[in-house]
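One-letter residues, chain by chain:
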Amino acid sequence: MNAVASGWTAIRGALLTFDGDPFVDDAQACRYEPDAIVAMAHGRIVDCGAADVVAARLPPDTPITRYRDALISAGFIDAHVHYPQLPVIGAGGKPLLEWLTSHTFPTEARYADIDYARDVALRYVDENLRHGITTAAVFGTVHPQSIDALFDECARRDMRMIGGKALMDRHAPADLLDTASRGYDESKALIARWHQRDRLAYAITPRFAATSTPEQLAAAAALWRETPGAYLQSHVAENRAEVEWIASLFPNDARYLDVYDRFGLLGKRAIYAHGIHLDDADFARLAETGTALAHCPTSNNFLGSGLFALHRARSAGRPVNVALGTDLGAGTSFSMLRTMQAASEVAHLQGRPLSPLCAWWLATQGAARALDLDDAIGTVAPGREADLVVIDLRSTPLIDFRMRDVERIDDALAVQMALGDDRAIRATYVHGRLAWDRDAQV
Ligand code: GUN
Ligand code: ZN
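The rules behind each value
- Along each chain, numbering runs from 1 in the same order as the chain's sequence is written.
- Following the order in which they are written, the chains are lettered starting with A and the ligands numbered starting with 1.
- For this predicted model, a pLDDT threshold of at least 70 governs which residues receive local features, and a threshold of 80 or more governs which side-chain atom pairs are given and counted, while totals over whole chains, interfaces and linings are taken from all residues.
- Side-chain figures throughout are based on the complete set of non-hydrogen atoms in the structure, without hydrogens or water.
- In this description, a donor is an N, O or S atom within 2.8 Å of the metal centre, a cutoff extended to 3.2 Å for sodium, potassium and calcium. Water is not part of the atom list, which can make sites seem incomplete.
- Geometry is assigned from donor-metal-donor angles: four donors are tetrahedral when every angle falls between 85 and 135 degrees, four are square planar and six octahedral when opposite donors sit over 155 degrees apart with all other angles between 65 and 115, and any other arrangement is irregular.
- Numbering of helices and strands runs from the N terminus, with a helix taken as a DSSP run of H or I at least four residues long and a strand as a DSSP run of E at least two residues long.
- Pairs were defined over the aromatic rings of Phe, Tyr and Trp, the Trp ring being its six-membered one, requiring ring centres within 6.5 Å. Orientation was assigned from the angle between planes: stacked under 30 degrees, edge-to-face over 60, tilted for the rest.
- Each residue is assigned to one of three classes by its accessible area relative to the maximum for its type, calculated with a 1.4 Å probe on protein chains only: buried under 20%, partly exposed between the two thresholds, exposed over 50%.
- The criterion is that NZ of a Lys, or CZ of an Arg, lies within 6 Å of the ring centre and within 35 degrees of the ring normal, and then a charge sits over that ring.
- In protein, a polar contact requires one atom able to donate a hydrogen and another able to accept it; more generally it is a pair of N or O atoms within 3.5 Å, and residues adjacent in sequence count only if both atoms are side-chain atoms.
- Here a residue-residue contact requires only that any non-hydrogen atoms of the pair lie within 4.5 Å.
- For each residue, the test is whether any non-hydrogen atom lies within 4 Å of the molecule or strand; if one does, the residue is near.
- Accessibility throughout is a Shrake-Rupley quantity obtained with a 1.4 Å probe, and a residue counts as covered only by protein chains that appear here.
- Only protein atoms enter the 1 Å grid used here. Points where a 1.4 Å probe fits but cannot escape make up a cavity, open sets with protein on both sides within 12 Å along at least five of seven lines make up a pocket, and a residue lines them when an atom lies within 4 Å of a point.
- To qualify as sitting in a cavity or pocket, a molecule needs more than half of its atoms within 2 Å of the grid points.
- Geometry is summarised by axes, namely lines fitted to C-alpha atoms with helices restricted to the contacting stretch, and by angles between N-to-C directions that run from 0 to 180 degrees.
- These descriptions rest on fixed angle ranges, namely under 35 degrees for roughly parallel, over 145 for roughly antiparallel, 65 to 115 for roughly perpendicular, and the rest for oblique.
- Polarity classes work like this: nonpolar for Ala, Val, Leu, Ile, Met, Phe, Trp, Tyr, Cys and Pro, charged for Asp, Glu, Lys and Arg, and polar for all others, with Gly in that last group.
- Take the residue count of a helix, subtract one, and multiply by 1.5 Å to get its expected span.
- Grid points are joined across faces, edges and corners, and a volume is the space filled by probe spheres set on the points.

The next subject is the coordination of the zinc ion (ligand 2). With distances of 2.0 to 2.4 Å, the protein atoms coordinating the zinc ion (ligand 2) are H80 (NE2), H82 (NE2), H235 (NE2) and D327 (OD). For the zinc ion (ligand 2), the four donor atoms are set out with angles of 90 to 168° between them, so the coordination reads as irregular. Each donor residue of the zinc ion (ligand 2) lies on one chain, and together they are spaced H-x1-H-x152-H-x91-D. Of this pair, H82 sits in strand β5 (residues 76–82) while H235 sits in strand β10 (residues 231–236), and the two are 153 residues apart along the sequence.

Right, dumping it as structure tokens:
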């Protein structure tokens, strides 16, 4: 069978992927191949490995795109982002609660208009591809049409994406409020329209415990229980004033995480952003329940929220599932390279350096595990969906200069994180299709 009949295509370059958790053993977990071929067909990876070995197995005439000075990786996963907040990126200088009321809520009110939502959703999805992000867990606004706009665009690109409309029935401007029953009904209708259609999955999205009444948290939990495969996403313990506010709103719960726990909102496929002001007992409960944390370092730095204790969360024996999030628009970068760099710096500030391989894992296979998607994405291996990013290792004159002294893969990753950004994203593949080609743009 020739390549046209088989539907195979292939790419060639260096390859980095993971067989296991590098927090346990860096060297064992990482698979690096300086000259590899990754073959794809019908949206999946069908073969990969050393170029000379794979080349001999390819159907004749398989087209091979060769990327020189480039690294092929599983596509990046952004485990926490608010696409409607793109218009407030960089508007700040305020801590979380003031930032929400002065910048974020007024902007989110604009998404009552589906045309506005479509405009931003298009830009958001384009930016993901320009940054090598192939999957994200995305907050909409309270308006269901914000999610219709997002999922329409993601379905068109055949992307594996997670999203949900925000549930918020108190402590926000009137035009951003639903009610417990309306939020439930609107989420249910979105689930019927989008959940598990193509590569999309729905996330029930109580914004945080301050903007949902106990009735709404209970309704969210009921909907989550009734919807197989659905996600639950929210925020926890991001900022000290927020933590105190939650304590005053839920005086019978000893700690912030207990609120979500009591309502049945912890478990596999639950993703909580931040978790800065949590202690070891909270981390143990997150690990025990399989709940994931999205670490969003550029956001935490921008809002002055604090330093996430990644080393404590990932403590051996009971590691919490952690992924990285951009948390746009409180986050300041779309780039997962910049986000990895920020995570490394936040770790370093606590005297617990994060290795470049661990940072890369948190944005790929670690995130896929945290999102319960590791059978599908996050690893470059036969059978996995072909969502890939190709990093140009010499994307700027300074990076080119700096890379002359680099011999090891972990040093190369460190340079990309320190100096790289969207210019380093040479190509992005979504479900086996070239979805972004930097050099084909005019
Ligand atoms: N907590 C509740 N809502 C938000 C939000 O939109 N961004 C961040 N960073 N934290 C939140
Ligand atoms: Zn957030």
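Further remarks concern the packing of aromatic side chains. For the coordinates displayed, the defined rule picks out eleven aromatic pairs. Taken together, a centroid distance of 5.4 Å and an interplanar angle of 70° make the contact between F76 and W360 edge-to-face. Within this pair, whereas F76 is found in strand β5, its partner W360 is found in helix α15 (residues 356–362), the two being separated by 284 residues in sequence. Across the pair, exposure class does not vary: F76 and W360 are buried alike. Among the aromatic residues, those joined into a ring-pair cluster are Y83, Y111, Y116, Y124 and F334. Sitting above the plane of the F23 ring, R314 keeps its charged end 4.6 Å from the centroid.

Before going further, it helps to examine the side chain of H235. Classification of H235 as buried rests on a relative accessible area of 7%. A polar contact is formed between the side chain of H235 and the backbone oxygen of R207, at a distance of 2.8 Å. Here H235 is in contact with H80, H82, F139, R207, F208, Y256, Y260, Y272, A273 and H274, once residues within four sequence places are set aside.

Let us now look at the side chain of Q85. Positionally, Q85 belongs in the loop between β5 and α4 (96–108). Look past the residues within four positions of Q85 in its chain and what remains in contact with it is W99, T104, E108, R207, L328, G329 and A330.

Taken together, H82, Q85, L96, W99, L100, R207, F208, H235, E238, H274, D327 and A330 make up all the residues around ligand 1. R207 is positioned with one of its side-chain polar atoms (N or O) 2.7 Å from an oxygen atom of ligand 1. Burial of ligand 1 by the protein amounts to 100% of the accessible area it has alone, namely 280 Å². A majority-of-atoms criterion places ligand 1 in the largest cavity. With three residues, α4 is the largest single contributor of residues to the shell around ligand 1.

Before going further, it helps to spend a moment on the packing of helix α14 (residues 336–349) against helix α18 (residues 409–419). Packed helices, taken two at a time, are described by their axes: the angle between them and the distance between them. The geometry of α14 relative to α18 is characterised by a closest axis approach of 7 Å and an angle of 100° between their N-to-C directions. Taken together, α14 and α18 sit at an angle that is classed as roughly perpendicular. Across the interface between the two elements, L337, R338, M340, Q341 and S344 of α14 pack against A414, Q416, M417, A418 and L419 of α18. For the contact of α14 with α18, the residue count by class is six nonpolar, three polar and one charged.

Note that an α-helix has 3.6 residues per turn; residues three or four places apart therefore point the same way. Between its first and last C-alpha, helix α6 (residues 144–156) extends 19 Å over 13 residues, near the 18 Å set by a 1.5 Å rise per residue. Buried within α6 we find P144, S146, I147, D148, A149, L150, F151, E153 and C154. Looking at the buried residues of α6, the elements they touch are α5 (114–130), β6 (133–139), β7 (161–164), α7 (180–194) and β9 (200–206). Just past α6, the residue D158 takes up positive phi, approximately 60°.

The calculated volume of the largest pocket comes to roughly 320 Å³. Together, 19 residues line the largest pocket, and A14, Y32, D69, A70 and L393 are the ones closest to its centre. At six residues, strand β4 (residues 64–74) tops the list of elements feeding residues into the lining of the largest pocket. In the lining of the largest pocket, the residues fall into eleven nonpolar, one polar and seven charged. Looking at the second largest pocket, its volume works out to about 220 Å³. Surrounding the second largest pocket, 13 residues form its lining, F23, H311, R352, P353 and L354 being those nearest its centre. In terms of residue class, the lining of the second largest pocket is built from seven nonpolar, four polar and two charged.

Attention shifts here to empty space enclosed by the protein. What the rule picks out here adds up to two cavities of 30 Å³ or more. Within this model, the largest cavity holds a volume of roughly 110 Å³. Contributing to the lining of the largest cavity are 13 residues, with H82, L96, L100, H235 and E238 lying nearest its centre. Among the residues forming the lining of the largest cavity, the class breakdown is five nonpolar, four polar and four charged.

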